[in-house]
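Residue-level listing of the chains:
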Amino acid sequence: MGYRPRTQSSKKISREYKKTFQKKKQTNKRSNIHDTKQNWEEKTVSSQQQIFEITLKRLHTLGNQKFGSSPFSEHFDRWLLNVEAVLNEFETQPKVNVDEQFTKERNQAVAAVKLQLENRRQQETSLEVQINDVSNAKNRLQQIKKEYLTKTLVLKSQKITAVKRLNKELEALKKEQYQIVKMKTGFFRGITKKEREQRENLTMQHHSDKQQELEVTVLDFKEKQKQLREEYEKKCTPLLEELKVFQKCTKEMDEDNSLEERWFACEALSDAVNNFFQRK
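Residues numbered from 1 in each chain as written. Predicted model: local features only at pLDDT ≥ 70, side-chain atom pairs only at ≥ 80, totals over all residues. Heavy atoms only, no water.

A. Geometry of the packing of aromatic side chains. Summed over all chains, the structure comprises nine aromatic pairs. Relative to Phe264, the ring of Trp263 has its centre 5.1 Å away and its plane inclined at 75 degrees; by these criteria the two rings are edge-to-face. For Phe264, a relative accessible area of 48% translates into the label partly exposed. The structure contains a cluster of three or more aromatic residues connected by ring pairs, namely Phe52, Phe90, Phe102, Phe276 and Phe277. Positioned over the ring face of Phe67 is Arg262, at 4.0 Å from the centre of the ring. The cationic tip of Arg262 hangs over the ring face of Trp79; the distance from NZ or CZ to the ring centre is 5.4 Å. (Phe/Tyr/Trp six-rings, centres within 6.5 Å; stacked < 30°, edge-to-face > 60°. Buried < 20%, exposed > 50% of the residue type's maximum accessible area, 1.4 Å probe, protein only. Lys NZ or Arg CZ within 6 Å of the ring centre and 35° of its normal.)

B. Expanded view of helix H5 (residues 259-279). Helix length check: H5, at 21 residues, gives a terminal C-alpha distance of 30 Å against a target of 30 Å (1.5 Å per residue), a fit within 8%. Inspection of H5 places Glu261, Arg262, Ala265, Cys266, Leu269, Ser270, Ala272, Val273 and Phe276 among the buried residues, and these make up the whole buried set. (Helix = DSSP H or I, 4+ residues; strand = E, 2+ residues; numbered from the N terminus. Expected span 1.5 Å × (residues − 1).)

C. Region of the structure containing the pattern of salt bridges. With the rule as written, the count across this model stands at 16 salt bridges. Its salt-bridge partner being Glu91, residue Arg106 comes within 2.5 Å of it at the nearest N-O pair. Of this pair, Arg106 sits in helix H3 (residues 100-185) while Glu91 sits in helix H2 (residues 76-91), and the two are 15 residues apart along the sequence. Connected via shared salt-bridge partners are Glu84, Glu91, Arg106 and Lys114. (Salt bridge = Lys/Arg side-chain N within 4 Å of Asp/Glu carboxyl O.)

D. Layout of the nonpolar core. Among the nonpolar cores identified, the biggest contains 25 residues, and Trp79, Phe90 and Leu269 are the most heavily contacted of them. The set of elements that each furnish at least two residues to this core consists of helix H1 (8-63), H2, H3 and H5. The biggest single contributor to this core is H2, with seven residues. Apart from the residues within four sequence positions on either side, Leu269 is in contact with Leu59, Val83, Leu87, Arg106, Ala109 and Val110. Of all hydrophobic cores here, the second largest spans ten residues; its members include Val134, Ile144, Tyr232 and Cys236. (Core = buried A, V, L, I, M, F, W, Y, C linked by side-chain atoms within 4.5 Å. Contact = heavy atoms within 4.5 Å.)

E. The side chain of Thr217, seen in detail. Following the sequence through the fold, Thr217 ends up in helix H4 (residues 193-253). Residue Thr217 is classed as buried on the basis of its relative accessible area of 14%. The contacts of Thr217, once residues within four sequence positions are left out, are Ala162 and Leu166.

Right under this line is the structure:
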């Protein structure tokens, strides 16, 4: 067999195959570029959505955060710093690029909650002062009660002594009246009927005077006891009011009343984030 060179037809088929391959390669390249661009755009959108979702989740957590113990105002600054940190991290993301509307809504919400928390701080400070003053009120109340009981015992002792003395004098006058009655029925030399009558009238008058004095004395002690009670109540009333305020203050100090305000603030910030996401 001899050597036969390649024909023109085989060269032509080779060039057509090469051309088809290059065309397919270019088509695949453009397709890959398109797919890469689409994947990048989808990844970008997904990444942005994650940023928004993470921010909303953190704001929700801060809005529901409860402070463990009083004074609750000690936690306000730390809480505000955490809110600012979440917002700053959100705003500094290169894919976020916040607009003027968001900045306005964000600043309004933060300014409002700062003012509310400052008012809460002042109220809490005032409550602490009132609570510290209550111990003094309790001491004064105890002192007033002690003085009242002492004066009451003294007055009672004076009343017993006075009534006992007057009853003793009345008893003596009764005995004297009895002796005069015996004079009427017996025989006593040197005493006339007129003298007996005079002595009897005088004794009866003394007895009547002593009886009246006893009644007046009892009424007088009752009046003194009443005045003493009124003076005691007058002194105690404002102190008892302070104790009522103390109970109210204690209840308020044990409750974190800032929770509602902080929750509303975080809701307002979440709304601002959502609105911005819709616009974006």
